[in-house]
Amino acid sequence: MQSNLVLLFVYSIDRGSLSAVTDYHRSPGSARTPKCTLYSLLITPVGMKKAWKRFLTDLVIPSRFLHLDEFQQEFSVQDPVVPAVFIQSGKSIHQLVTADEINSIGSIDHLAELVKKRLIQFFR
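Conventions and cut-offs
Residues numbered from 1 in each chain as written. Predicted model: local features only at pLDDT ≥ 70, side-chain atom pairs only at ≥ 80, totals over all residues. Heavy atoms only, no water. Helix = DSSP H or I, 4+ residues; strand = E, 2+ residues; numbered from the N terminus. Contact = heavy atoms within 4.5 Å. Areas by Shrake-Rupley, 256 points an atom, 1.4 Å probe, with all protein chains shown as cover. Buried < 20%, exposed > 50% of the residue type's maximum accessible area, 1.4 Å probe, protein only. Arc of directions from axis to C-beta. Core = buried A, V, L, I, M, F, W, Y, C linked by side-chain atoms within 4.5 Å.

> Sorry, what's going on with the overall build of the protein here?
Looking only at helices and strands, the protein features 6 helices and 6 strands. The order of α-helices and β-strands along the protein, N terminus first, is β-α-α-β-β-α-β-α-β-β-α-α. Partitioning the contacts of the protein with sequence separation of at least 6, the portion at a separation of at least 24 is 58%. Of the accessible surface of the protein, which amounts to about 7,300 Å², a share of 52% is contributed by carbon and sulfur atoms.

Quick look at the structure:
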């Protein structure tokens, strides 16, 4: 595997946004859907879920988590459809998992399976 690859997990909320805190507390069945499904899947009030940390540790590719405004600023992408997962290779990025896919995922296990599957396809 190339050493200059990084997985980018991009939330659909801006950094410092109070919506990140309220997203976690909204139940999936409530009339108000979370603003960021990815954030709700991965984060608890005390940090990243342990199962997700283990998954990332097992991957041989480093990963970064970016809020929407950070992603737009760093990669000069206007109006990205997020949440999403990208792979960065040098200065270019390629989308691995779309917002629609993330928004339809119900668990960390399903997200992990999809990320692994897309990584395999990316390296073919």
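> Looking at this structure, how should I read helix 3 (residues 50-58)?
A turn of α-helix holds 3.6 residues, and therefore any two residues three or four places apart point the same way. Turning to helix 3, its buried residues are Trp52, Phe55 and Leu56. Each buried residue of helix 3 lies within a common arc of 95 degrees when the element is viewed along its axis, so the set occupies one face. Projecting away from the buried face of helix 3 at angles above 90 degrees are the exposed residues Lys50, Arg54, Thr57 and Asp58. For helix 3, the elements touching its buried residues are strand 1 (5-10), helix 2 (37-42), strand 3 (47-48), strand 4 (63-66) and helix 6 (108-122).

> Just to check I follow, could you spell out the nonpolar core for this structure?
Among soluble globular proteins, nonpolar side chains are generally buried collectively. Leu7, Trp52 and Leu111 are the most contacted members of the largest nonpolar core, which totals 28 residues. At the level of elements, strand 1, helix 2, helix 3, strand 5 (84-89), strand 6 (92-97) and helix 6 are the ones that each hand at least two residues to this core. Among the elements that line this core, the one with the most residues is helix 6, at 6 residues. Non-local contacts of Leu111, meaning those with residues more than four positions away in its chain, are made with Leu38, Leu41, Leu42, Trp52, Ile102 and Ile105. Core analysis: the second largest hydrophobic core is formed by 10 residues, Val6, Leu8, Leu68 and Val82 among them.

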